[in-house]
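Topology and contacts: notes
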Amino acid sequence: MKSPAHIRPEVIVFDWDGTLVDSASDIVGAMRQASLTLGIEPPPEERMRRAIGLGLVEAFHQIFSEHSEAERQQLMERYRAHYINLPPQVHGKAFASVPDMLHDLHRRGHALAVATGKSRAGLQRSLGANDWGQLFRETRCADESASKPHPLMLEQLSLRLCAEPETMLMVGDTTYDMEMARNFGCRAVGVAWGVHEADELRDAGAEVVFGDLGELPVWIDTVHGS
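Keep in mind it's a predicted model, so treat the numbers as computed, not measured.

Turning next to the pattern of salt bridges. Counted according to the given criterion, the structure contains 15 salt bridges. When the shortest N-O distance is used, the salt bridge between R108 and D221 registers 2.8 Å. Highlighted residues: R108 in helix α6 (residues 98-108) and D221 in helix α11 (residues 216-224), separated in sequence by 113 residues. Where R120 meets E144, a salt bridge forms, and the shortest distance between an N and an O atom there is 2.5 Å.

Next comes the structure, spelled out in structure tokens:
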């Protein structure tokens, strides 16, 4: 029997913001605008960036921990209003090698999925901007599941796709992604351009951290055989 490390992944689950789509600066900008609109001093950029990947409620609780629940609710409402009004090209700003990589994996027969801290409305907007809807078999969002690093999104994808944890691979840019995969019992790999450092991702369980996601199909062939 093959060990999990030698089982070719049938299902590849991607994080969205910071992994497939270059959206961190726009998210931080919308958080900053939400703060200024309410007369609140914006938190340090690094604090805002490090919370990207969590569900919106969890992210704002972490970023604005010194504020009341009512203030955080107002901030979230203002953030949604700012972010939703960004131009379509912002919502579809994919990293350079991502479209070819996704189409390559899709052609090879891997089932592609998404597990994201975005809302369902936000993910649908970004999927439409990139015209990627046909590539992903299943998607899960934090507002219809549980925020990372809780494993519920991966559990739900596993049930929908009839896949065992050892046949799944998580791809993300944060320790939340790596921890979610570890909590679920599947493997994980990271990307080096996201909001958390490569060493942090490795310490959290990433088998490898890519400098270019175009390397992912080659890595799968190298490790598991073509």
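Turning next to the sheet that holds strand β5 (residues 187-191). In spatial order, the strands read β3-β2-β1-β4-β5-β6; together these 6 strands make up an open sheet with parallel pairing. Of all strands in the sheet, those bounded by a partner on one side alone are β3 (136-141) and β6 (209-210). In the sheet, β5 pairs with β6 via 2 bridges, with the strands oriented parallel. By the bridge assignment, G190 is partnered in β6 with V209. In this fold α11 packs onto β1 (11-14), β4 (168-172), β5 and β6, with an angle of close to 140° to the strand it touches most, β5.

Taken residue by residue, α6 has V98, M101, L102 and L105 as its buried positions. Taken around the axis of α6, the buried residues stretch over an arc of 95°, which confines them to a single face. Facing away from the buried surface of α6 by more than 90 degrees, the exposed residues are D100 and R107. On the buried face of α6, the contacting elements are β1, β2 (111-116), β3 and α11. Just past α6, the residue G109 takes up positive phi, approximately 100°.

Now for the side chain of R72. Tracing the chain through its elements places R72 in helix α4 (residues 69-84). Leave out the neighbours within four places in its chain, and R72 touches F60, H61, F64, S65 and H67.

Attention now moves to the side chain of T175. Assignment of secondary structure puts T175 in helix α9 (residues 175-184). Classification of T175 by relative accessible area gives buried; the value is 11%. Residue contacts for T175: discarding those within four places in its chain leaves H196, E200, L201 and A204.

With that settled, the discussion passes to the environment of E166. With respect to the helices and strands, the residue E166 is situated in the loop between α8 (152-161) and β4. A residue is classified by how much of its surface remains accessible, and E166, at 33% relative accessible area, is partly exposed. Distance from E166 to I7, taken between C-alpha atoms, is 7.2 Å for residues 159 residues apart in sequence.

In this structure, the largest pocket encloses a volume near 530 Å³. Along the wall of the largest pocket there are 29 residues; nearest its centre are L56, Y79, G117, K118 and S119. For the lining of the largest pocket, the secondary-structure elements that each account for two or more residues are α1 (24-37), α3 (56-63), α4 and α7 (120-130). For the lining of the largest pocket, the leading source of residues is α3, giving 5 residues. For the lining of the largest pocket, the per-class residue count stands at 15 nonpolar, 7 polar and 7 charged.

Further remarks concern the pairing of β4. A regular strand carries its side chains on alternate faces of the sheet. For β4, a buried count of 5 out of 5 residues is recorded, marking the element as mostly surrounded by other parts of the structure. Here β4 shows two buried faces, one formed by M168, M170 and G172 and the other by L169 and V171. Summarising the sheet, β1 and β4 pair through 4 bridges and their orientation is parallel. Directly across from F14, in β4, lies its bridge partner V171. Alignment of β4 against β5, held across 4 bridges, turns out to be parallel. Directly across from L169, in β5, lies its bridge partner R187. Handedness of the crossover is the feature at issue here: the chain leaves β4, passes through α9, returns alongside β5, and the resulting connection is right-handed.

About the criteria used
Residues numbered from 1 in each chain as written. Predicted model: local features only at pLDDT ≥ 70, side-chain atom pairs only at ≥ 80, totals over all residues. Heavy atoms only, no water. Salt bridge = Lys/Arg side-chain N within 4 Å of Asp/Glu carboxyl O. Helix = DSSP H or I, 4+ residues; strand = E, 2+ residues; numbered from the N terminus. Pairing = 2+ DSSP bridges. Contact = heavy atoms within 4.5 Å. Axes fitted to C-alpha atoms, helices over the stretch in contact; angles between N-to-C directions. Buried < 20%, exposed > 50% of the residue type's maximum accessible area, 1.4 Å probe, protein only. Arc of directions from axis to C-beta. 1 Å grid on protein atoms, 1.4 Å probe; cavity = no way out; pocket = protein on both sides within 12 Å on 5 of 7 lines; lining within 4 Å. Points joined across faces, edges and corners; volume = space filled by probe spheres on them. Nonpolar A, V, L, I, M, F, W, Y, C, P; charged D, E, K, R; others polar. Right-handed = clockwise from strand over helix to strand, strands pointing away.

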